[in-house]
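Observations on chain architecture
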Amino acid sequence: MVNPITREVVMQTDPADPRPIYIQIAEDLKSMILSGELAIDQRAPSTKELSEFYQVNPTTAAKAMTELSQEKLVEKKRGLGMFVTQGARERIRSERKGAFQRTYIDPLKTEAVALGLSLEEIIAMLKEEK
């Protein structure tokens, strides 16, 4: 399918993903904000556009937008729709950086200590081309 904003093909929801569909849609929109596909002060897709694009119930699409609104990543401009807020990209980046730390770096450090690896050895491993 084609993104209603950029007219490019983007990822669809994954039925195998255990997260609710509205969360998958919200995460997809966050990725668009982070990449700049949805710029600051740009109108976000409407509930109708999202429901058609993702082939979901409009209520599911609205729930995704509510999620972004509660996180202050989009705001409603009366009569115009939802727009990406100032600082949205930085908030998403910060959130994902923290998740990256918890998911990858902390376990890496724990395992490195258990193996007795030095920082230099870890850096060398990261620099290896495969």
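Since we're looking at a predicted model, the values are computed, not measured. (Residues numbered from 1 in each chain as written. Predicted model: local features only at pLDDT ≥ 70, side-chain atom pairs only at ≥ 80, totals over all residues. Heavy atoms only, no water.)

**Topic: the packing of helix α1 (residues 21-35) against helix α4 (residues 88-115)**
Short version of the rule: Think of each axis as a best-fit line through the C-alpha atoms, taken over the contacting stretch in the case of a helix, with angles from 0 to 180 degrees between the N-to-C directions. A run of H or I in DSSP counts as a helix once it spans at least four residues, and a run of E counts as a strand once it spans at least two, with each numbered from the N terminus. Roughly parallel means an angle under 35 degrees; roughly antiparallel means over 145; roughly perpendicular covers 65 to 115; every other angle is labelled oblique. Crossings are assigned a handedness: left-handed for a near helix turned anticlockwise from the far helix by less than a right angle, right-handed for a clockwise turn. The contact definition used throughout considers only heavy atoms, calling two residues in contact when any of these lie within 4.5 Å.
In contact at an axis separation of 9 Å, α1 and α4 are set at 115° when each is read in the N-to-C sense. If you check the angle between α1 and α4, you find them roughly perpendicular. By crossing handedness, the relation of α1 to α4 is classed as left-handed. Taking contact as the criterion, the partners of Glu27, Lys30, Ser31, Ile33 and Leu34 in α1 are, on α4, Ala88, Arg89, Ile92, Arg93, Glu95 and Arg96.

**Section: the packing of aromatic side chains**
Rules: Between 30 and 60 degrees the pair is tilted, below 30 it is stacked and above 60 it is edge-to-face, where a pair is any two Phe, Tyr or Trp rings, Trp via its six-membered ring, whose centres lie within 6.5 Å. Criterion for a charge above a ring: Lys NZ or Arg CZ within 6 Å of the ring centre, and within 35 degrees of the ring normal.
Within the structure shown, the criterion is met by two aromatic pairs. Centroid distance Phe100 to Tyr104: 5.2 Å. Interplanar angle 40°. Geometry classified as tilted. Remark: Tyr104 and Phe100 occur in helix α4; sequence separation between them is four residues, near one turn of the helix. Sitting over the ring of Phe83, Lys77 keeps its end group 4.7 Å from the ring centre.

**Some points on the domain arrangement of the chain**
Applied cut-off: All domain edges in this entry derive from an automatic or database-based domain assignment. Buried area is calculated as the accessible area (1.4 Å probe) missing from two parts once they are joined, with the contributions of both summed.
Split into domains, the chain comes out as domain 1 (21-85) and domain 2 (89-128). For domain 1 and domain 2, the distance between their C-alpha centroids amounts to 31 Å. With ten residues of domain 1 at the contact, the number on the domain 2 side is six residues. Of the roughly 800 Å² buried between domain 1 and domain 2, counting both surfaces, carbon and sulfur atoms make up 50%. Among the residues domain 1 hides against domain 2, the three largest losses belong to Lys30, Leu34 and Leu73. Together they make up 55% of the total.

**Some points on the pattern of salt bridges**
Rules: Salt bridges are defined as contacts in which a side-chain nitrogen from Lys or Arg sits within 4 Å of a carboxyl oxygen from Asp or Glu. Buried means the residue's accessible area, taken with a 1.4 Å probe over protein chains only, is under 20% of the maximum for its type, while exposed means over 50%, and partly exposed covers the values in between.
In this structure the tally under the stated criterion is seven salt bridges. For Arg96, the salt bridge is made with Glu27, and the minimal N-O distance between the two is 3.4 Å. Taken together, the positions of Arg96 in helix α4 and Glu27 in helix α1 put the pair 69 residues apart, joining distant regions of the chain. Classification of Arg96 as partly exposed rests on a relative accessible area of 26%.

**Observations regarding the UniProt feature "domain: HTH gntR-type" (unreviewed entry) in the chain**
Which entries qualify depends on this criterion: UniProt positions are given in the numbering used here, feature names are shortened, and annotations may be inferred rather than shown by experiment.
When the UniProt feature table is mapped to this numbering, "domain: HTH gntR-type" (unreviewed entry) covers residues 19-87. Spanning residues 19-87, this segment combines 52% helix with 12% strand, and its end C-alpha atoms are found 26 Å apart.

**Points about the environment of Asn57**
Heads up, the rule is: Here a polar contact is taken to be a pair of N or O atoms separated by no more than 3.5 Å, where protein atoms must pair a possible hydrogen donor with a possible acceptor and residues adjacent in sequence count only if both atoms sit in side chains.
Mapped onto the fold, Asn57 is located in the loop between α2 (47-54) and α3 (58-70). For the pair Asn57 and Glu71, spaced 14 residues apart in sequence, the C-alpha separation works out to 22 Å. In this structure the side chain of Asn57 is engaged in a polar contact, spanning 2.7 Å, whose partner is the backbone nitrogen of Thr59.

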